[in-house]
Every structure is written in structure tokens, then in C-alpha cells.
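Structural overview for review
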Amino acid sequence: MTPARDYFGEVYDVVRLVPRGRVTTYGAIARYLSLRAGARMVGWAMNASHGHDVPAHRVINSRGVLSGKHFFGGPTIMQQLLEDEGIRVVDDRVVDFTTVFWDPSEELGL
DNA sequence: GGGCTGACTTTAA
DNA sequence: TTTAAAGCCAGCC
């Protein structure tokens, strides 16, 4: 059987589909993968995203806060990356988060 | 092999 | 309203 449903690959794929200037949340991805509360695993996948072409800076928590900004190698790397895409970030929080929020289950179609 | 941790979310009090 | 605890799965020691 082909175990090991590449959860990481699933997450990477979804994150790569996030258009520039938009952001998504761990819960949205987790929910898209039917992981009702496996949001932690999504973040864990991001931890392994280093070395992959995954815009992990577009993945934040449900409050629009850059939770893993410190994991980018700098406390402002993630913020600058988002600002570079046109997303305004203030106090480590995404401005108009609900506006730039990109839901895979909705954009990609349930 | 067993147990702890972790870039979160959601429900309950 | 805010604060607290439980839940989930995979990776690492």
C-alpha cells in the first residue's frame, strides 16, 4: 500500500498555488487536507520546507500573525517578503488579513 | 520501541 | 469578554 500520504507534498503543493500578494493559514491548508485539527503538522511541514520551493512566508496562523517569522533566519525576513508582494504587515500582523486571505478549499474548489 | 516536542486550531468555562 | 485546556500527526531523541 502506499502508505505515507505525502502530507508534506500536499502542503507544499497548496502553498505553491498561493498567488502572489495573497496569504493562507495553517488551518485552511489542514482543513483542505481533511486534517480537521492537524494544523500543527502543516507548520511542521513548513519546517521541512527549507530547501524546497515553498513560499512558507505566505503561510501564517489564523490570526494573520507571522508565527514562524523567526524561522526564516530573521525576525523581519518573512515580513519583508510579504511586503515585497504587496502585503502590508504591521506589528508582525497582516493588514487586511481577511482580504489577502487565500483559501485553497474555496479558490481551488472544494 | 517509547515518549516528547512542535511555525496551530477550536471548544469550553 | 478573556483565559485555559484538549486534540491531531509526524519527526526526532
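These lines cover the structure that appears in this document, whether it is placed above or below. This is a predicted model, so every value here is computed, not measured. (Residues numbered from 1 in each chain as written. Chains lettered and ligands numbered in written order. Predicted model: local features only at pLDDT ≥ 70, side-chain atom pairs only at ≥ 80, totals over all residues. Heavy atoms only, no water.)

A word on the protein's contact with DNA strand B
For the record, the criterion: Nearness of a residue to a molecule or strand requires only that one of the residue's heavy atoms be within 4 Å of it. Here a polar contact is recorded for every N or O atom pair within 3.5 Å, except that within protein the pair must consist of a potential hydrogen donor and a potential acceptor, and residues adjacent in sequence are included only if both atoms are side-chain atoms. Secondary structure elements follow DSSP: runs of H or I no shorter than four residues count as helices, runs of E no shorter than two count as strands, and numbering proceeds from the N terminus. Lys, Arg, Asp and Glu make up the charged group, whereas Ala, Val, Leu, Ile, Met, Phe, Trp, Tyr, Cys and Pro make up the nonpolar group; the residues left over, Gly among them, are polar.
Taken together, 17 residues lie around DNA strand B, and Tyr26, Arg40, Met46, Ser62 and Phe71 are the ones closest in. Close to the protein, within 4 Å, the atoms of DNA strand B are drawn from sugar and phosphate at a rate of 52%. Backbone polar atom of Gly43 to a base nitrogen of DNA strand B: 3.4 Å apart, as the coordinates give it. Take Ser62: an N or O atom from its main chain is 2.4 Å from a phosphate oxygen of DNA strand B. Taken together, the elements giving at least two residues each to the surface near DNA strand B come down to α2 (26-32) and α3 (39-47). Broken down by element, the residue count for the surface near DNA strand B peaks at six residues, all from α3. Here the residues of the surface near DNA strand B sort into seven nonpolar, nine polar and one charged.

Here's the deal with a nonpolar patch on the surface
Going by this rule: Exposure above 30% relative accessible area and no salt bridge define the residues that can form patches, which grow by joining like charges within 9 Å and nonpolar side chains of Val, Leu, Ile, Met, Phe, Trp and Tyr within 5 Å. Here the accessible surface of atoms and residues is derived via Shrake-Rupley with a 1.4 Å probe, and residues count as covered only by protein chains that are part of the display. Salt bridge criterion: a side-chain nitrogen from Lys or Arg within 4 Å of a carboxyl oxygen from Asp or Glu. A 1.4 Å probe rolled over the protein chains alone gives each residue an accessible area, and that area as a share of the maximum for its type sets the label: buried under 20%, exposed over 50%, partly exposed in between.
A cluster of nonpolar side chains, namely Leu17, Tyr32 and Leu108, defines an oily patch on the protein surface of about 240 Å² accessible area. Secondary-structure assignment places Leu17 in the loop between α1 (7-16) and β1 (24-25). According to the relative accessible area criterion, Leu17 is partly exposed, its value standing at 42%.

Points about the packing of aromatic side chains
To be explicit about the condition: Ring pairs shown here join Phe, Tyr and Trp side chains whose ring centres sit within 6.5 Å, with only the six-membered ring taken for Trp; geometry is labelled stacked below 30 degrees between planes, edge-to-face above 60, and tilted in between.
Tallied over the entire structure, the rule returns two aromatic pairs. Each ring, one from Phe8 and one from Tyr12, has its centre 6.3 Å from the other, and the planes form 80°; the classification is edge-to-face. Of this pair, Phe8 and Tyr12 both sit in helix α1, separated by four residues, roughly a single helical turn. Given a relative accessible area of 28%, Phe8 falls into the partly exposed group.

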